[in-house]
Amino acid sequence: MFAIFQYPFIQNAFIAGSIVAIVAAVLGYFLIVRGLSFAGHALSSIGFAGAAGAVLLGVSPIYGLMVFTVTASIAISVLGREVRERDVATGVIMTFALGLGILFLSLYHGYAEQAYSILFGTIVGVSRDDVVFTFVLGLILLVVIAIIGRPLLFSSFDAELAETRGVPVRALGSIFLILIALTISITTQVVGILLVFALLIGPSATAIRLVHQPLQAIFLAIILGLAYTWLGILLGGNSPWPVSFFITALSFGVYLPVRLLSKGIDSKRSAKGFEKLSITDSALASQKDRND
Amino acid sequence: MNSEIQEPIIQLERVDVQLGGRVILHNIGLSIQPGEFVVILGPNGAGKTTFLRLLLGLIQPASGSVRVLGQTPRVGSHLIGYAPQHRVFDSELPLRGRDLVGFGLDGHRWGIGLPSRSRREKIDQALKEVDGLDLADAPFGQLSGGEQQRLLIAQALLTDPRLLILDEPLANLDLAFQQDVVALIDKVCRTRGATILLVAHDINPLLQVTDRVLYMARGHSAIGSPDEVITESNLTKLYGSPVQVVHTLGRYFVVGAEV
Amino acid sequence: MIDILRHDFVQNAFLAGAIVAVISGFVGYFVVLRGQAFACEALSHIGFAGALGAALVGASSLEGMFVFTLLAAVGMGALGKRLSGRDIEVGMVLSFVLGLGVLFLSIYTENATGAVGVLFGSILSVTINDVQVILGSGVFIIILMAVLYRPVLFASIEPEVAEARGVPVQRLSILFLILLALSVSVAVKVVGVLLVFALLVVPAAAAEHLTHRPWLAITISILISLIATIAGLTFAFIGHWPASFYIVSLTSLFYFIALIVHAVRSPRRYRELPHPSREVLPPAD
Ligand SMILES: Nc1ncnc2c1ncn2[C@@H]1O[C@H](COP(=O)(O)OP(=O)(O)O)[C@@H](O)[C@H]1O
Ligand SMILES: [Mg+2]
């Protein structure tokens, strides 16, 4: 069972997967709290065009992914103001990018295989260089989110109040989307563009239903994310089925019962939880003001 | 006021309501006469909205009897007009004022509903009654809160209801708009002889038009004229903690626990 | 140009494209109004698993998509009163079924090309049989949508009032999702799973920026998707790039034009009116 770990590509997959699982779980928590899960999905789809374009130009897909997702995240934060509108604006950009991706791939030979690996991930194709790159980028992402995490959370719960306290709400929102774009770029290596949701949203969506305190939720999300990834690689490495299938199945398989069991206390409870959060958080913020 | 021999439009006897295993309303008994203007007061979570939903037939009592317009409440009655609380409309909502008001007339019917003269006239009539004809073709989402509220009242009026249930129609309106809306509702009450049940947080803007107050707290209730109900002994009993009432300059101020 | 119209596959492509465009334009209006863009996206991805699963058991991809999206629609409807704001639930289901699709694909390995066809559309391989199925579903969807028109509109905007007036809000929401599932399945045939958004959401979103009248918006929405589809197919037959690329580019172009028109037409004019001047304002149009 564990014999697969003697192969270097499995080791690479394991290390890159672990880094990605941690970063995605942390960023995913904020994504959910901000109600931006659709943007998360859209950004990953947009990455498809970038990856396809990179393939066409003969460079590593990760660069194309980063260029496209970051550009798109800026466009999204400029375009949409209200949630409903934002979803649609995001969706339009997403669809157009996918169309571009198709165009790029159709210009490239080996159309189907390339599309497949971009869309569904080829974790066993991760090289040592990729691991280093993922590690560095992941570290930067974690540091930045550690710095902006608290005001970001505050502005997610009560944007107006945060603004009066001097939190640059809009700028934070845009920076956050860029962080998400970068997270998606590295996550794609593991699960592919279409399945990013499983690692980005899955762990936090489950954690948020189990504990209400932000730090605990993030911590639990990291544990879940790591567990899905490790188990997924282990199962995928020992069977003919793809790793990304196992990761999505685990992510969903844990989420579903948790979601169903917490159904009765559904919206009221979570709304209350958020209220509590926002109070603690504004308390924190005011304390910080005093300290400053 | 109305003669006492008329059959009450709303009658509750020993009603208990449970939601999610919790008792929300306990042992409520009251009767309301046709044409009365009743204001429902009480802190958040007191069960005001639950009470209204009970009257609309959206929830069933755990025990006791509820009669509205002489029968057990059932959804779909065109004799009741309803405007729920906290409705926030997307400012990009792609419909006109007229379309929203029209829902009150035939929004629940199947089929596409061809435009007709009589339909248009009925809608215009209701719009006129709330002084909102000029808002008919404006994008609904971009109207101000007070303007939206008038149109929603017009919507509730379209079926010629005998009972108008308005959940916090004055919330988020400034004083001028509040007076506008109160005057409008009062006009409807007087000219149509409709019964009004209106949830509010402050009785003062409504004092001129209120017949009786239904005060709810902790699942209990008291009903009567403002003078009778808004007293220290009454509210202290309802809240279960000391409450002070200041009645001065023709206005009520309730001070205490969690008012 | 006219010559190629003689080919069967070209005729089929135009027929299927036109029918799907009309359906999507109509149903899309409600998708946007109800804020269910994400649900639409999820259904299309679920269709992907369906299409690949169908290949496993030897059924046609359209049949597989019907089964999967319908089941998903019922499930999603049962989960919540209305689906808007349930992005997380939708997204979780979405990623799971995509994973399932990957599994099917890995079992049925020789079909990577087929999978790409499902993902990006394969309008040029539409058979006359498919056209018949698409036409049948189209008629069914349009008739049912017309019957449900008023209550769905009502329930989308004011669910509480609609419920009090006796509209079966929850059941309507499921029914609408079922119609959406059918529409998605046929739209996938034309533009593919990944681009269903282009036909089902983008034209309607553009139309809703241009007018506040429901029927006018529906008409404009249908026109946009029809024009984009027909023109996109025509370009694809003349040029060398994929049809779905042209279709997506055209609908996106319409959307951004609508966005600009909307912005230029001073959108806030009603809100800024001072209170007393309401009386003297002529009926706006
Ligand atoms: N569907 C429900 N399930 C369980 N509890 C509910 C439900 N709806 C309301 N409640 C509870 O009933 C109480 C009264 O609510 P509500 O009638 O909305 O209060 P009000 O309108 O007076 O502010 C609240 O404590 C609320 O949490
Ligand atoms: Mg209430």
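All residue numbers here refer to positions counted from 1 along the written sequence of the relevant chain. The naming scheme follows written order: chains are lettered A onward, ligands numbered 1 onward. It should be noted that, the model being predicted, local features are given only for residues of pLDDT at least 70 and side-chain atom pairs only at 80 or more, the latter also being counted only at that level, while totals for whole chains, interfaces and linings use all residues. Excluded from the side-chain calculation are hydrogens and water; included are all heavy atoms of the structure.

A. Structural view of the interface of chain B and chain C. The contact definition used throughout considers only heavy atoms, calling two residues in contact when any of these lie within 4.5 Å. Listed by partner, the interface residues are 45 residues for chain B and 38 residues for chain C. When a carboxyl oxygen of Asp or Glu is within 4 Å of a side-chain nitrogen of Lys or Arg, the pair counts as a salt bridge. Counting across the interface, chain B meets chain C through one salt bridge. Taking the shortest distance from any N to any O, the salt bridge between C:R150 and B:D106 comes out at 2.9 Å. Pairs of N or O atoms are called polar contacts if they sit within 3.5 Å, as long as, within protein, a hydrogen donor faces a hydrogen acceptor (for residues adjacent in sequence, only side-chain-to-side-chain pairs). Between chain B and chain C we count eight residue pairs in polar contact (both at pLDDT 80 or more) in total. With six residues, the top contributor of residues to the side of chain B that touches chain C is helix 2 (residues 97-106) of chain B. Among the residues making up the side of chain B that touches chain C, the classes are represented as 20 nonpolar, 13 polar and 12 charged. Under the scheme used here, helices are H or I runs from DSSP no shorter than 4 residues and strands are E runs no shorter than 2 residues, and both carry numbers assigned from the N terminus. Charged residues are taken to be Asp, Glu, Lys and Arg, nonpolar residues to be Ala, Val, Leu, Ile, Met, Phe, Trp, Tyr, Cys and Pro, and polar residues to be all remaining types, Gly included.

B. Seen up close, the coordination of the magnesium ion (ligand 2). Residue and element names in this part refer to chain B. Ligating atoms shown are N, O and S within 2.8 Å of the metal, or 3.2 Å for Na, K and Ca, and water is not included, meaning a site may look less than complete. At this site the magnesium ion (ligand 2) is bound by T49 (OG1) and Q85 (OE1), with donor distances of 2.0 to 2.4 Å. Note that T49 is positioned in helix 1 (residues 48-56) and Q85 in the loop between strand 5 (80-83) and helix 2, a separation of 36 residues in sequence. In this structure T49 comes out as partly exposed when scored by relative accessible area, which is 22%. Whether a residue is buried, partly exposed or exposed follows from its accessible area with a 1.4 Å probe, protein chains only, as a fraction of its type maximum: under 20%, in between, or over 50%, in that order.

C. Representation of the environment of A:L31 in the model. Residue and element names in this part refer to chain A. Within the secondary structure, L31 is located in helix 1 (residues 8-33). For L31, a relative accessible area of 0% corresponds to the buried category. Through-space distance from the C-alpha of L31 to that of I201 is 7.7 Å; in sequence the pair is 170 residues apart. If near-sequence neighbours (up to four positions away) are discounted, L31 is found in contact with L36, S37, G40, F176, I180, L200 and I201.

D. Highlighting the site of ligand 1. Around ligand 1 there are 13 residues in total, and B:G45, B:G47, B:K48, B:T49 and B:T50 lie nearest to it. The site occupied by ligand 1 is bordered by residues of chains A and B. B:G47 is positioned such that a nitrogen or oxygen atom in its backbone is 3.0 Å from an oxygen atom of ligand 1. At a separation of 2.5 Å, an oxygen atom of ligand 1 approaches a polar side-chain atom of B:T50. If even one non-hydrogen atom of a residue comes within 4 Å of a molecule or strand, that residue is called near it.

E. Structural view of the sheet that holds strand 4 (residues 63-68) of chain B. All names here are of chain B. Pairing is antiparallel across the open sheet formed by three strands, whose spatial order is 2-1-4. Each of the sheet's edge strands pairs with one partner strand only, and the pair in question is strand 2 (22-32) and strand 4. Recorded for the sheet is a direction-independent mean angle of 30 degrees between the axes of neighbouring strands. In this analysis, strands are considered paired if DSSP registers two or more bridges between them. Pairing geometry for strand 1 (residues 10-19) and strand 2, over seven bridges, is antiparallel. Across the sheet, the residue bridging to L19 is R22, located in strand 2. Orientation is described by lines fitted to C-alpha atoms, with helices fitted over the stretch in contact, and by angles between N-to-C directions that extend from 0 to 180 degrees.

F. Molecular detail of the environment of C:L56. All names here are of chain C. Looking at the secondary structure, you find L56 in helix 2 (residues 37-57). As a C-alpha pair, L56 and Y108 span 52 residues in sequence and 6.5 Å in three-dimensional space. Look past the residues within four positions of L56 in its chain and what remains in contact with it is F104, I107 and Y108.

G. Highlighting the packing of aromatic side chains. Centres within 6.5 Å are what make two rings of Phe, Tyr or Trp a pair, Trp counting through its six-membered ring; a difference in plane orientation under 30 degrees is then read as stacked, over 60 as edge-to-face, and the rest as tilted. One pass over the structure, following the stated rule, counts 26 aromatic pairs over all chains. On the basis of an interplanar angle of 90 degrees and a centroid distance of 5.2 Å, the ring pair of A:F5 and A:F14 is categorised as edge-to-face. With relative accessibility at 23%, the residue A:F5 sits in the partly exposed group. Here C:W241 and C:Y246 contribute two aromatic rings whose centre-to-centre distance is 6.4 Å and whose plane-to-plane angle is 20 degrees, an arrangement assigned as stacked. Judged by relative accessible area, C:Y246 falls into the buried class, the value being 17%. Grouping aromatic residues by their ring pairs yields a cluster made of C:F26, C:Y29, C:F30, C:Y149, C:F176 and C:W215.

H. Here's a closer look at the side chain of A:T69. With respect to the helices and strands, A:T69 occurs in helix 3 (residues 61-79). Contacts of A:T69, omitting those with residues within four sequence positions, involve A:L43, A:G47, A:A181 and A:S185.

I. Spotlight on a nonpolar patch on the surface. All names here are of chain A. On the surface, V132, F135, V136, L139, I140, V143 and I147 cluster together to form a nonpolar patch covering roughly 650 Å² of accessible area. Its place among the elements puts F135 in helix 6 (residues 128-157). Note on F135: relative accessible area 46%, which makes it partly exposed. Patch membership needs two things, relative accessible area over 30% and no salt bridge, and members are linked within 9 Å if like-charged or within 5 Å if nonpolar (Val, Leu, Ile, Met, Phe, Trp, Tyr). Per-residue and other accessible areas follow the Shrake-Rupley method at a 1.4 Å probe size, with only the shown protein chains counted as cover for residues.

J. Representation of helix 10 (residues 202-210) of chain A. Counting buried residues in helix 10 of chain A gives seven out of nine residues, a clear majority hidden from the surface. The complete set of buried residues in helix 10 of chain A reads A:G202, A:P203, A:S204, A:A205, A:T206, A:A207 and A:I208. Check the buried side of helix 10 of chain A and you find it contacts helix 1, helix 9 (196-200), helix 11 (214-237) and helix 12 (243-261) of chain A together with helix 4 (87-107) of chain C.

K. Spotlight on the domain arrangement of chain B. Residue and element names in this part refer to chain B. For chain B, the domain assignment lists domain 1 (1-79 + 162-231) and domain 2 (90-160). For domain 1 and domain 2, the distance between their C-alpha centres works out to 25 Å. A 1.4 Å probe defines the accessible area here, and the buried area is the portion of it lost by two parts on being joined, summed over both. Summed over both sides, the interface between domain 1 and domain 2 buries roughly 1200 Å², with carbon and sulfur atoms accounting for 60% of that surface. Between R192 and D160 there is a salt bridge; the shortest N-O distance is 2.9 Å. Counting across the domain 1 and domain 2 interface gives six residue pairs in polar contact (both at pLDDT 80 or more). Listing elements by their share of the side of domain 1 that touches domain 2, those giving two or more residues are strand 6 (163-167) and helix 5 (175-192). Tallying contributions element by element places helix 5 first for the side of domain 1 that touches domain 2, with nine residues. In terms of residue class, the side of domain 1 that touches domain 2 is made up of nine nonpolar, two polar and four charged. In this entry, domain limits derive from an automatic or database-based domain assignment.

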